[in-house]
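Here's the letter readout for the chains.
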Amino acid sequence: MASETTQIMNLSEEQVKLLEENFTKVTRNPDETTLMLIAAECGLSEEETTKWFKLRNAQWRKKEGLPAEGGSVWD
């Protein structure tokens, strides 16, 4: 599932592994401090990490049958 995002962003397997672990085990929506720590752990900028989480969340929401962007299913 994350392969699309990986191709778009040209990430290494190790970076993807770390990002996916954080996505599934920590949070799908990291706060600013958590985002900074994840970015440092992966060797990415905060902007790149934010972009990855945004794309990955859209993929997750699509898989779950939810709108690609945030919001309620009632919107």
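Quick caveat, the model's predicted, so the values are computed rather than measured. (Residues numbered from 1 in each chain as written. Predicted model: local features only at pLDDT ≥ 70, side-chain atom pairs only at ≥ 80, totals over all residues. Heavy atoms only, no water.)

## A closer look at the pattern of salt bridges
Inspection of the entire model under this criterion finds 1 salt bridge. Between E20 and R56 there is a salt bridge, with its nearest N and O atoms 2.7 Å apart. With E20 in helix α2 (residues 13–26) and R56 in helix α4 (residues 46–63), this residue pair connects regions lying 36 residues apart in the sequence. (Salt bridge = Lys/Arg side-chain N within 4 Å of Asp/Glu carboxyl O. Helix = DSSP H or I, 4+ residues; strand = E, 2+ residues; numbered from the N terminus.)

## Comments concerning the side chain of R56
The exposure class of R56 is buried, given its relative accessible area of 5%. A polar contact is formed between the side chain of R56 and the side chain of E20, at a distance of 2.7 Å. (Buried < 20%, exposed > 50% of the residue type's maximum accessible area, 1.4 Å probe, protein only. Polar contact = N/O pair within 3.5 Å; in protein donor to acceptor, adjacent residues only side chain to side chain.)

## Remarks on the packing of α2 against helix α3 (residues 32–42)
Where α2 meets α3, the axes come as close as 9 Å, and the angle between the chain directions of the two elements is 155 degrees. Judged by the angle between their axes, α2 and α3 are roughly antiparallel. Considering the relative orientation of α2 and α3, their crossing is right-handed. Residues Q15, L18, L19, N22 and V26 of α2 touch α3, and the partners they reach there are T34, I38, E41 and C42. Counted by class, the contact of α2 with α3 contains 5 nonpolar, 3 polar and 1 charged residues. (Axes fitted to C-alpha atoms, helices over the stretch in contact; angles between N-to-C directions. Parallel < 35°, antiparallel > 145°, perpendicular 65-115°, else oblique. Left-handed = near helix turned anticlockwise from the far one by under 90°. Contact = heavy atoms within 4.5 Å. Nonpolar A, V, L, I, M, F, W, Y, C, P; charged D, E, K, R; others polar.)

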